[in-house]
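# Fold and contact review
Chain by chain, the residues:
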Amino acid sequence: MQRGIKRFIAFIWVLPITLIGFCFAIIIRASGGEIAKYGIAWEASGGRAPQLLWLFNPWLNIDAITLGHIIIASDNATARRLRAHEQAHVRQYERWGVFFPLAYLVASALAAINGGDAYRDNVFEVDARCAEVSHS
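Residues numbered from 1 in each chain as written. Predicted model: local features only at pLDDT ≥ 70, side-chain atom pairs only at ≥ 80, totals over all residues. Heavy atoms only, no water.

## Some points on the environment of Gln-51
Looking at where Gln-51 falls in the secondary structure, it is placed in helix α2 (residues 49-56). Sequence-wise, Gln-51 and Arg-129 are 78 residues apart; in three dimensions their C-alpha atoms are separated by 25 Å. (Helix = DSSP H or I, 4+ residues; strand = E, 2+ residues; numbered from the N terminus.)

## Regarding the packing of aromatic side chains
All told, the structure shown has seven aromatic pairs when counted by the stated rule. Centroid distance Tyr-93 to Phe-100: 4.5 Å. Interplanar angle 55°. Geometry classified as tilted. Taking the centre distance of 5.9 Å and the plane angle of 65° together, the rings of Phe-100 and Tyr-104 count as edge-to-face. Here Phe-100 pairs with Tyr-104, and both are found in helix α5 (residues 100-113), just four residues apart, close to one helical turn. Each member of the pair, Phe-100 as well as Tyr-104, is classed as buried. The ring of Tyr-38 is capped by Arg-83, whose NZ or CZ atom sits 3.6 Å from the centre of that ring. (Phe/Tyr/Trp six-rings, centres within 6.5 Å; stacked < 30°, edge-to-face > 60°. Buried < 20%, exposed > 50% of the residue type's maximum accessible area, 1.4 Å probe, protein only. Lys NZ or Arg CZ within 6 Å of the ring centre and 35° of its normal.)

Dropping the structure here:
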């Protein structure tokens, strides 16, 4: 019972961001992509996913992004390859809630200010890469 309540609170805590991700997932599904549940999140991939990912940063090649409990991946193979990494971001969202996007940006800025790479040295990305290793 206790675990069910914690899961529900985590779901509600990040729901506004998940709803944004859900809108993207619907577009992906309507354009021929797929939606499937894996672990604690729903993955939407294929269809117009590459074009939607481009919207997040036209200067970088983004293969996947997590929005609350929704993972958007360019295709099924990418979704499988990055599953552990993106599931780690879902858990980060569950901890930080709607404040995660801001915390992520601050972590990127701190990494850059300290002479590192805003993406590779972001503490949230370091954590997600550790999750990849522990699941391989």
